[in-house]
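Given next are the chains, with one letter for each unit.
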Amino acid sequence: MKQLAYPTLLLVSLLLSSSFLQTTQAGPTVTAAPPTVPAPPKPTKPGPPAPPTPTKPDPMEGFCDSKCEVRCSNAGMHDRCIKYCGICCKQCKCVPSGTYGNKSECPCYRDKLSSQGKPKCP
């Protein structure tokens, strides 16, 4: 009889304590507020349409695209080379000839550095 008394007492106390915890942890019931109807939007008077902003094509874009395509033709990471070459070309307005070297032809292109202090332009 003693063998069953301890496990039974433990089981009963566990059941009672868990039901007690559930009732003490339950919060007050919350009722939902009645739905509110949003006010209709006020009619607005349409103004004159905004004039389209004129965009001029960048004359350097075609120049840079063709020069950078030649400059990056042998690059292992072609997309990255085109990106940085384009950035440098638009700022410096020149790209050295050939696929490598010749940076003396364009000092601005040669002297641009990345945030790590390495040459930015390919």
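Residues numbered from 1 in each chain as written. Predicted model: local features only at pLDDT ≥ 70, side-chain atom pairs only at ≥ 80, totals over all residues. Heavy atoms only, no water.

Visitor: Kindly report on the pattern of salt bridges, identifying the contributing residues and their values.
Guide: Pairing between side chains of opposite charge can happen when the charged atoms of each approach one another. Scanning the entire structure with this criterion turns up one salt bridge. A salt bridge links Arg110 to Asp111; the nearest nitrogen and oxygen atoms lie 2.9 Å apart. A relative accessible area of 37% means that Arg110 is categorised as partly exposed. With a relative accessible area of 48%, Asp111 lands in the partly exposed category. (Salt bridge = Lys/Arg side-chain N within 4 Å of Asp/Glu carboxyl O. Buried < 20%, exposed > 50% of the residue type's maximum accessible area, 1.4 Å probe, protein only.)

Visitor: Pulling in residues and values, what's your account of the confidence of the model for the protein chain?
Guide: On average, residues of the protein chain score 79 in pLDDT, and 69% of them reach the 70 mark or higher. By mean pLDDT, the top-scoring element of the protein chain is helix H3 (residues 78-92) (93), and the lowest-scoring one is helix H1 (residues 2-25) (66). (pLDDT = per-residue confidence, 0-100. Helix = DSSP H or I, 4+ residues; strand = E, 2+ residues; numbered from the N terminus.)

Visitor: Just give me the short version of the state of the cysteines, but keep the residues and values in it.
Guide: Following the criterion strictly, the structure yields six disulfides and no others. The side chain of Cys64 participates in a disulfide bridge whose partner is Cys89; the two sulfur atoms lie 2.1 Å from each other. Disulfide Cys64-Cys89: the torsion about the S-S bond is -80 degrees, which places it as left-handed. Linking Cys64 in helix H2 (residues 59-71) with Cys89 in helix H3, this pair joins segments that are 25 residues apart in sequence. In this pair, the class of Cys64 matches that of Cys89, namely buried. Covalently, Cys68 is tied to Cys85 through a disulfide, its sulfur atoms 2.1 Å apart. Because the torsion about its S-S bond is -85 degrees, the bridge between Cys68 and Cys85 counts as left-handed. Within this pair, whereas Cys68 is found in helix H2, its partner Cys85 is found in helix H3, the two being separated by 17 residues in sequence. (Disulfide = S-S within 2.5 Å.)

Visitor: Any chance you could break down the nonpolar core for me, citing the residues and the numbers?
Guide: If you look at the biggest cluster of nonpolar residues, it comprises twelve residues: Cys64, Cys68, Cys72, Cys81, Cys85, Cys88, Cys89, Cys92, Val95, Cys106, Tyr109 and Cys121. Breaking this core down by element, the ones donating at least two residues are H2 and H3. Considering every element that reaches this core, the biggest residue donor is H3, with five residues. In this structure Tyr109 touches Arg71, Cys85, Cys88, Cys92, Cys94, Val95, Pro96, Lys103, Cys121 and Pro122, once residues within four positions along its chain are discounted. (Core = buried A, V, L, I, M, F, W, Y, C linked by side-chain atoms within 4.5 Å. Contact = heavy atoms within 4.5 Å.)

Visitor: Please set out H3 residue by residue, giving values where relevant.
Guide: With 15 residues, H3 extends 20 Å from end C-alpha to end C-alpha; this agrees with the ideal 21 Å at 1.5 Å per step. Every buried residue of H3 is listed here: Cys81, Cys85, Gly86, Cys88, Cys89 and Cys92. Two residues or fewer past H3, Lys93 is found with a positive phi of approximately 65 degrees. (Expected span 1.5 Å × (residues − 1).)

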